[in-house]
Amino acid sequence: MGGALNPKTFFVSRRCNEREWPVVSFAVNITDRQLVKGCLRGKPEAQRQLYEQFAPSMLGICYRYTKSMRDAEDVLQEGFVKVFLHLNQYKEQGELGAWIRRIMVNTALNYLKRHRQYRSEMVFTEQPLHPVAAENPEITLEVKELADLIRQLPPGYQTIFNLHAIEGFSHVEIGAMLGISDGTSRSQYARARALLVNWLEKISTNKKTASYAGQ
Amino acid sequence: MPVNELEKQVQQRMEELTFTPSAEVWTEVEKRIREKKKRRRILFGWLIPCLLLGGGLLYYNAGEKRGKTTAGQEQPTEKTLPAPQNGVPVPPAISGDNARHNPGQAVERKEENDSKKTNIAPATTISPRVKANTNVQNFVRQEQVDSKKPPYAVKKRSHPVTADEDKIKEPVTAVTPINESVKTDSTPETVTITPARDVTASSKDSMIAAVPAAIQDSSKTETVEDKKPVVAPATRKKRWNYGFGVQAGSSNTRSGGIFGGGMASYEASPLTNTSGGGTYTGPPVYIDAPRKGVSWGLHAFAQKDLSPGLSLRATLQYDYFSTRIRTGNRVDSSRQVNNSISDNLTIQSFYGPPAAGGPARSYTNRYHLAGVSVTVAWKLIRTGQFNLAWENSVGLSRLFSTNALHYDRNLRVYYRDFEPFRKTQFFFSSGFAFPVLNGEKLRISLHPFVQYAPGNLLKENNGPRSHFVNYGVGLKFLLPKRK
């Protein structure tokens, strides 16, 4: 990918294939602005509309960070409560979706830190740096299958992979968010990536074998 | 940063990951945001004023208890009375000499070593043979007066009877029973007293009240008169006092804190061509920040002194605030306003903005509020010549009318819309109180103050934040104290 992937600009520029589609940050969707206005006035229909507009994609984000759909819906619920209660802090300096996404990611991280089933596994130990694997296997999985594969990673690896590879946070920022050093974040990410690459290659190999067998 | 193809692919795929949440999620979200908003309303609308009131009442009660405890130390309690002797209750000593003595009447007195005075309880016969265990009332019998004998026998006084002692100050209502501890080596005293109804006018004069004194050791020289009944000091009931007040000063709406201020600015006119280039459609306009205006208020209050240094006041008030802005001329024409404050509002008239350097008119934004407040005043200085109290209050007011204008940047007009205003305003106030006149019929005090509303003036938080700020001087007239 070209260009710096800074979380501040991540939600401003969107990459599609190899072409960058810069989103003009001040051109807030007029619909979004009216939606926000209606929500701040406490109009139930505006709140419902905002929820329905963003909930499906936000649930996808929550799904990637958790181990079950039930946990993902819990995170989604908490996240939207925060969105509505703090909507007055949205200053129209970026897209509304990006602002909500940031809240959802933070809510997911807090959820992982709070709940016992995740907290015990969110242990990031200092490990020797692992070289990032250069392999880029072709992804033949469906979207949900890929998400489930990522969710197979141990919670610590899963979180760091989500934050770096998908959300675009730097290792320094990830270190600050999780209370670890950037070196630990790099090492954990490298191991997560290596594991994922390994699984993708195996899946690809198995599929090829199955298709040959079918022939 | 992810630089590999894998990360790119994963990122693109994950953008497409969507799920439909279950219906319960929205139900729960809606319920929780309503609860939290309701809790906030309760907290700021009711809880804080209630806490202040409760704190004041608690302090008041504590003050009352302290007052009662201090007074109670002087009250005669059962413990201070002599302990019942052999089951016979001992009434407290009575004041005054309720004996009447006619020095002309020959009175048989039994000599005793006891030098105490005695008082008469008329219409009472006490037989010394009656045991002290018996209730006093059992002793009281009506007997016919032996006309030959004086109706009673009294102890011989060891000292001359004074004029005061001759007078019966008040009828005796209590009789001290004879107690064995009173008995001396001498012959027990016999006291026979004529029943009241048998006493004629003349015999009244001849009666000498001789009631055995409270049971005492014979060695004591204490007299009955020395034992005055202890009367508990009357507890003064703290009452509410009422009054009214007026205040005048200056008010403004400020962005930011109490010392913050709105900045006046220029706004460029729209371009003729929005895609770049083009020319401005007109000169820039001057967006005037509100300037301070006159404020005044009328109050009616009830005040109570919780302690010598603390008082509580509850006030019902009407307040008028105003600010001034500069606008252009009024135009009676309809427009559709749609901005972060007003949503698709059709206005029938508006004011244009004043052009920079051009003519402008002064417009007064007027705000009318009614509300209640609770004030706690600490008396910092309490001398005879000068008193000073520091007052702090919290209050809730309702904005029930205003003609204030909003500015629409799209249409570049000033227009009226009451709906975006936050109607319920929470105020803090702080100031001082100086008594000016302390008359019998009226007390007047001077109250310089500063008042601030922390809540935004507008409901819409996306709009500019502004808060009421008001400062001035008040005069309070306290009506005469109720007796």
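Summary of the structure given here.

Rules behind the numbers
Residues numbered from 1 in each chain as written. Chains lettered and ligands numbered in written order. Predicted model: local features only at pLDDT ≥ 70, side-chain atom pairs only at ≥ 80, totals over all residues. Heavy atoms only, no water. Contact = heavy atoms within 4.5 Å. Buried area = accessible area lost by both parts, 1.4 Å probe. Salt bridge = Lys/Arg side-chain N within 4 Å of Asp/Glu carboxyl O. Polar contact = N/O pair within 3.5 Å; in protein donor to acceptor, adjacent residues only side chain to side chain. Helix = DSSP H or I, 4+ residues; strand = E, 2+ residues; numbered from the N terminus. Axes fitted to C-alpha atoms, helices over the stretch in contact; angles between N-to-C directions. Parallel < 35°, antiparallel > 145°, perpendicular 65-115°, else oblique. Left-handed = near helix turned anticlockwise from the far one by under 90°. Nonpolar A, V, L, I, M, F, W, Y, C, P; charged D, E, K, R; others polar. Pairing = 2+ DSSP bridges.

## As for the interface of chain B and chain A
Now for step 1: Across the boundary between the two partners, chain B contributes 42 residues, which contact 59 residues of chain A.
Now for step 2: Across the chain B to chain A interface the summed buried area is about 4,800 Å²; carbon plus sulfur atoms make up 58%.
Now for step 3: Looking at the side of chain B facing chain A, the largest losses of area belong to Leu6(B), Phe19(B) and Trp26(B), adding up to 16% of the total buried there.
Now for step 4: Where chain B touches chain A, the interface holds 2 salt bridges.
Now for step 5: A salt bridge links Glu15(B) to Arg101(A); the nearest nitrogen and oxygen atoms lie 3.6 Å apart.
Now for step 6: In this assembly, chain B and chain A are joined by 8 residue pairs in polar contact (both at pLDDT 80 or more).
Now for step 7: Counting only elements with at least two residues in the side of chain B that touches chain A, the list comes to helix 1 (5–15) and helix 2 (23–72) of chain B.

## Regarding the packing of helix 5 (residues 96–114) of chain A against helix 8 (residues 155–166) of chain A
For any two helices packed against each other, one specifies the inter-axial angle together with the distance between the axes.
Residues and elements named next belong to chain A.
Now for step 1: One can describe the packing of helix 5 onto helix 8 by two numbers: an axis separation of 12 Å at closest approach and a directional angle of 165°. Put simply, helix 5 runs roughly antiparallel to helix 8. Two packed elements cross with a definite hand, and for helix 5 against helix 8 that hand is left-handed. Mapping the contact onto sequence places Arg101, Val105, Leu109 and Leu112 in helix 5 and Thr159, Leu163 and Ile166 in helix 8.
Now for step 2: Within the contact of helix 5 with helix 8, the residues separate by chemical class into 5 nonpolar, 1 polar and 1 charged.

## Re the sheet that holds strand 15 (residues 387–402) of chain B
Residue and element names in this part refer to chain B.
Now for step 1: Taken together, the 8 strands give a closed barrel; going around it, the order is 5-8-9-14-15-18-19-20, and neighbouring strands pair in antiparallel fashion. Neighbouring strand axes in the sheet, compared pairwise and without regard to direction, differ in orientation by 25° on average.
Now for step 2: By the bridge criterion, 13 bridges tie strand 8 (residues 291–307) to strand 9 (residues 310–327) in an arrangement that is antiparallel. Following the sheet pairing, Phe301 is matched in strand 9 by Thr315.

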